[in-house]
Amino acid sequence: MTITTTINAQFKSIVEDVKALPETFKKIDIADLQKQAEGLVQTAVGTATATYTDLQKQAEGVYAKAKGLKVDDIRKTVDNSVDDVTKTAKGFADDAQKRAEQLVTDAKTQVTKVTSKAPTTARKAAEKVDTTVKKTPEPAKKTAAKKAPAAKTAAKKPAAKKAPATKTAAKKAPAKKA
């Protein structure tokens, strides 16, 4: 079967359907269609009326509540809402702080692992740099600037040696200020 044959068959079918339209229109019962349309309209009107009545009742309820409201009631509601939001925000802040502390702990652990695996000569060089930094006199105004390099070199050493270095540097700064 070719495309031409298929198209011709469909075209003949359409022509026959068009020729049969007058007979089809004669068979349509207009009174029945009118009854169906009226039924649909009545259903739509009933639904619209019921919806309007429900909305009216809800609006009256809202109006009654609004009429009975006082400024103190609104203030209490707002205060309660603010308290709830504040508690939630504090919870989020606490969670974020716990996560940050855990990340810092994990980072320290990782640094300790990496530095403990470093060759002995690299550790000795880091200790020598740290000792040199500790012996370097720090001006009173630039203590914060000098602490940053010490913290970097301290991070290269194992965890057991970091704590004494930080305490020593902290003790020296107040003594020099006086």
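These numbers come from a predicted model, not from an experiment.

Novice: I'd like a rundown of the overall build of the protein chain, residues and numbers included.
Specialist: When helices and strands are counted, the protein chain shows six helices and zero strands. Each of the 178 residues in the protein chain was classed as buried or not, and the buried ones make up 6%. In the protein chain, 65% of the contacts between residues at least 6 apart in sequence involve partners at least 24 apart. When the accessible surface of the protein chain is totalled, it reaches about 15000 Å², and 63% of it is carbon and sulfur.

Novice: Any chance you could break down a nonpolar patch on the surface for me, citing the residues and the numbers?
Specialist: On the surface, I14, V18, L21, F25, I28, I30 and L33 cluster together into a nonpolar patch covering about 680 Å² of accessible area. Contributing elements (two or more residues each) for the nonpolar patch: α1 (3-27) and α2 (30-68). The element best represented in the nonpolar patch is α1, accounting for four residues. Classification of L21 as partly exposed rests on a relative accessible area of 38%.

Novice: Residues and numbers for the pattern of salt bridges, please.
Specialist: Within the structure shown, the criterion is met by two salt bridges. Between E23 and K26 there is a salt bridge, with its nearest N and O atoms 3.7 Å apart. Here E23 and its partner K26 are both found in helix α1, three residues apart, which amounts to about one turn of the helix. By relative accessible area, E23 is classed as partly exposed at 45%. Take K26: its relative accessible area is 64%, and that puts it in the exposed class. The salt bridge partner of R75 is D72, with a shortest N-O separation of 3.6 Å. Of this pair, R75 and D72 both sit in helix α3 (residues 71-116), three residues apart, roughly one helical turn. Using a relative accessible area of 46% as the deciding quantity, one classes D72 as partly exposed.

Novice: Describe the confidence of the model for the protein chain, with residues and values.
Specialist: In the predicted model, the protein chain carries a mean pLDDT of 74, and the fraction of residues at 70 or more is 63%. Below pLDDT 50 for its whole length, residues 157-164 participates in twelve contacts with residues either more than four positions away or in separate chains. Across residues 166-173, where pLDDT falls below 50, the model places two contacts with residues more than four positions away in sequence or in other chains.

Rules of the game
- Residues numbered from 1 in each chain as written.
- Predicted model: local features only at pLDDT ≥ 70, side-chain atom pairs only at ≥ 80, totals over all residues.
- Heavy atoms only, no water.
- Helix = DSSP H or I, 4+ residues; strand = E, 2+ residues; numbered from the N terminus.
- Buried < 20%, exposed > 50% of the residue type's maximum accessible area, 1.4 Å probe, protein only.
- Contact = heavy atoms within 4.5 Å.
- Areas by Shrake-Rupley, 256 points an atom, 1.4 Å probe, with all protein chains shown as cover.
- Patch = residues over 30% accessible without salt bridge, like charges linked within 9 Å, V, L, I, M, F, W, Y side chains within 5 Å.
- Salt bridge = Lys/Arg side-chain N within 4 Å of Asp/Glu carboxyl O.
- pLDDT = per-residue confidence, 0-100.

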